[in-house]
Amino acid sequence: MRLGTLAFLAGILALQELTTLPDVRWGALLVPLVLLVVFAKWLRLPALVGCGFLWALLNINGPFARLDSIAPALEGEDVIITGVIASIPSVRERGVRFEFEVSSLTLGAMPQPTPGRILLNWYQAQPVNQPPPELRVGDTWQLQARLKRARGLMNPGGFDYEGWLFRHHLRATGYVRAEGVNQRISGDANGYAIDRLRQKLADGIKAALPGSPYTGVITALAIGEQRAISNTQWDVFALTGTTHLVAISGSHITLIAGLLFFLARWGWARAGSFPLRFPAPKAAAVIALAGAIYYAALAGFSVPVQRALIMVIVVMMGILWQRNRQLSHTLAVALLLVLLYDPLAVMEAGFWLSFGTVAMILFAMSNRLAISKLTTGSGLWWQWGRLHWLIAIGLAPVMLMMFQQVSLISPLANFIAVPWMNVLSVPLTLLGTLTVLIVPPLGDVFLSLAEYSVAALWFVLQWMSGIELAQWTQHTPPWWALFPALVGVALLLAPKGLPVRWLGGVWLLPMFFKPIPQPAIGEVWFTLLDVGQGLSAVARTRNHALVFDTGPRFSESFDTGEAVVAPFLRSVGATRLDTLIISHGDNDHIGGAQSLLQEISVKRTLSGVPQKIPAARSTPQAEQCVSGQTWQWDSVEFLIINPLADAISDKNDGSCVLRITTAAGSILLPADIEKGAERMLLDTQPEALSARILVAPHHGSKTSSSQDFVDAVHPQYVLFPVGYRNRYGHPKADVVARYQALNAQMFDSAQHGAITFKLAPTGLTKPDTYRQSGGKYWHIQ
């Protein structure tokens, strides 16, 4: 059972590595493969691999699956959509976000194919910031909206937003036209009763805790809705390795089922003649099972909840049928059922962490295991602490593969936080949730007590998160390093008498010390990152790294410094920056600076607007960039050619302009200079403009790329840092025509993702475009 389930999982994972899906007709082979599993034992494992592959294919691209998004011709058009609000609306800084199940879509008077479920934003109406109307899950609306295909940024090391949308069956995104003809048609659509209850509970919690910074945490504990948790709080949870505390996870489901089971058994045993007709353990199992299912429904059936619920079902059914099963067998059954129900669950980190944690607990809690003399002992608290050390060691390889980070204080933080939450915060929250709609004053009391318990714990977690070296951060390990790492973990957690357990540490070394490809002396590796409508680029030499601009800040909770630049630097092993250049003060260039400075140590900062660069610890004050500043790293020359000392300003023409020169040619980064600065450079430094690679000035705007400037640079490659379907129409057609006339090869970040060149003494490599080279079947090309 256990090996067979792992084989089935392997088949699903094999499909996830494909860039295009096979023809769905291959799914017809599933039936003969199932017959092989049943009747040919010697072929069972390879047949199960094939079953996993084909089962995932049929679920993704089968007759009832929706793989297609909206037609490209519909993007940006005003369309009328009718459908149902399919998720609890999430209040954001500038409006509300919600999922919408589309039943009809028309352009003008012409019906169009519907994309199924989409993700919509309804922004505040301008200029008076009028909020959207009250939205309730299950309500049917007719909306005027503008849509685009499900598309995200594409960068090495970055979050796969397109994959997230695909995993959640969201085939388009868009926004409601606030000035359009939008009307509520009806309420309480069929199939949304549980979600409507969840929204009422969320509203009740918010009313009971007005203005509390912990409302989002309490709501997450109650109904699994995490969107109200602030970014700062997520950072603290991540640094302390306690993110699982605010997800309704297996421990919460098990807690509910266990409490109900023991209370029901105690009560049923004292209920007169009932135990004679139906034994108390069986009655308790039924009651516990019903409570666990109800709570799982309130939690939204996330993957960890599915896993825990299935395990509870198997255990309770064993009580009803009077059969005992090994816990590892129960875990395998849960894994198989989750994969059968939703093969795309493997795309979620929660899938791996949930099953991995339970596997580690089962492995570590057997009486035969110990990892060292430091973790042996008979005391309850000693064993509790030992468990968290074992879990931390066991999950470290998975954490490094997924997040390039591991919390070093996680065992200590969880040693304190897990019992605190399970004994105090979670029970108080559940009591408040049960009573807040029935007896509001009593619910308010329980929820207030839950808030006090979370606040007390938060004080400890926040202090821990500030400890130096609280988190280990590194490059992404190679995929093959996971296999020796698992061997190492097994050795470290092996029975105490095994004499070679110390070799487990040796098997873990490839996760940490695998050599990262680096430029040779005289080489520069240059990457234009995909940050949407903005600019950020990274230049790396043998021993140094530079970032030119940090992209935009889209909201208080999202900017590309944290979401794109820092993850990319971690993925290539750049743990610090020698120089950060912020060309000027426009949001699409400076927006991610604050987050990046908090994430990465920076030795020197240059900027056209040094007064706007936020202060950060261990980072010197920013300096004004000025023409003539030059330095050399590893036989690669860096030169600032703008602004001139007498032309410093905070306007576009005051942007820092950087030229990078190697034996293979030069790269020119002109930021947002316009025709005035171009003219000045032509008059004062024409010899500094020639370059093989040009990042088009001002994103290809018509205010830049004058004919004389284009002729002087005469690039072989032109890169346009632009957002998909950006509102400015960049790059402009006449600008593109000027570069086409020179036979320049053109790339843009919207169509190609991150674009990487390697300039070596032997020549210039062809560009690697990450949307194509790193794309999977769910990415739009």
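In this text, all values refer to a predicted model and were calculated from it rather than measured experimentally.

A.B. asks: Which parts of the structure should I look at to understand helix H3 (residues 44-61)?
C.D. replies: Given 3.6 residues to a turn, an α-helix orients residues that are three or four positions apart in the same direction. The terminal C-alpha atoms of H3, which comprises 18 residues, lie 25 Å apart, in line with the 26 Å expected from a rise of 1.5 Å per residue. Along H3, the residues classified as buried are Ala47, Leu48, Gly50, Cys51, Gly52, Leu54, Ala56, Leu57 and Ile60.

A.B. asks: Explanation requested: the sheet that holds strand E25 (residues 693-695) in the structure shown.
C.D. replies: Where strands meet in a sheet, backbone hydrogen bonds hold them as pairs that are either parallel or antiparallel. Pairing is mixed in the open sheet, where 7 strands are placed in the order E21-E22-E23-E24-E25-E26-E27. The open sheet has two edge strands with one neighbour each: strand E21 (630-633) and strand E27 (745-748). Adjacent strand axes in the sheet meet at a mean angle of 15 degrees when their direction is disregarded. Two strands pair when backbone bridges link them, and strand E26 (residues 717-720) and E27 are joined in this way by 4 bridges, in the parallel orientation. The partner of valine 718 across the bridge, within E27, is methionine 746. Across the sheet, helix H24 (residues 733-740) lies against E25, E26 and E27, angled at about 165 degrees from E26, the strand it touches most.

A.B. asks: Sorry if this is basic, but what is going on with the state of the cysteines here?
C.D. replies: Linking two cysteines covalently through their sulfur atoms gives a disulfide. Under the criterion given, the structure shown has 1 disulfide. With a sulfur-sulfur separation of 2.0 Å, cysteine 625 is cross-linked through a disulfide to cysteine 656. For the disulfide bridge between cysteine 625 and cysteine 656, the dihedral angle about the S-S bond is near -90 degrees, and by the sign convention the bridge is left-handed. Of this pair, cysteine 625 sits in the loop between strand E20 (623-624) and E21 while cysteine 656 sits in the loop between strand E22 (636-642) and strand E23 (657-662), and the two are 31 residues apart along the sequence.

A.B. asks: Quick question: what am I supposed to make of the confidence of the model for the protein chain here?
C.D. replies: Low-pLDDT portions of the prediction should not be read for the details of their coordinates. Taken as a whole, the protein chain shows an average pLDDT of 87; of its residues, 94% reach a score of 70 or greater. Across residues 367-378 the pLDDT falls below 50, and counting only partners more than four positions away or on other chains, this stretch makes 29 contacts in the model.

A.B. asks: I tried to follow the pairing of strand E3 (residues 95-107) on my own but got confused; where do I start?
C.D. replies: Regular strands place side chains that alternate from one sheet face to the opposite one. Looking at chain direction, strand E1 (residues 78-85) and E3 are connected through 6 bridges and run antiparallel. Looking across to E3, one finds that isoleucine 85 is bridged to phenylalanine 100. For strand E2 (residues 90-92) and E3, the ladder comprises 3 bridges, and the chain directions are antiparallel. Bridged to arginine 92 within E3 is glycine 95. Remark: 2 residues form the turn of the hairpin made by E2 and E3, two consecutive strands paired antiparallel. Of the strand pairs in this sheet, E3 and strand E5 (residues 117-123) are connected by 7 bridges, and their pairing is antiparallel. Paired with glutamate 99 across the bridge in E5 is leucine 119. Sheet analysis places E3 next to strand E4 (residues 110-112), joined by 3 bridges and oriented antiparallel. Residue pairing across strands places leucine 105 opposite glutamine 112, the latter belonging to E4.

A.B. asks: Looking at this structure, I do not really get unusual backbone geometry. What am I missing?
C.D. replies: Peptide bonds are mostly trans, and most non-glycine residues show a negative phi. Residue proline 643 follows asparagine 642 across a cis peptide bond; omega there is 5 degrees. By the element assignment, proline 643 lies in the loop between E22 and E23. Residue proline 731 follows histidine 730 across a cis peptide bond; omega there is -5 degrees. Mapped onto the elements, proline 731 comes out in the loop between E26 and H24. Here alanine 671, not a glycine, exhibits a phi torsion of approximately 55 degrees, which is positive. Among the structural elements, alanine 671 can be located in the loop between strand E24 (665-669) and helix H22 (675-684). Although it is not a glycine, histidine 698 adopts a positive phi angle of roughly 50 degrees. Tracing the backbone through its elements, the reader meets histidine 698 in the loop between E25 and helix H23 (707-713).

Rules of the game
- Residues numbered from 1 in each chain as written.
- Predicted model: local features only at pLDDT ≥ 70, side-chain atom pairs only at ≥ 80, totals over all residues.
- Heavy atoms only, no water.
- Helix = DSSP H or I, 4+ residues; strand = E, 2+ residues; numbered from the N terminus.
- Expected span 1.5 Å × (residues − 1).
- Buried < 20%, exposed > 50% of the residue type's maximum accessible area, 1.4 Å probe, protein only.
- Pairing = 2+ DSSP bridges.
- Axes fitted to C-alpha atoms, helices over the stretch in contact; angles between N-to-C directions.
- Contact = heavy atoms within 4.5 Å.
- Disulfide = S-S within 2.5 Å.
- pLDDT = per-residue confidence, 0-100.

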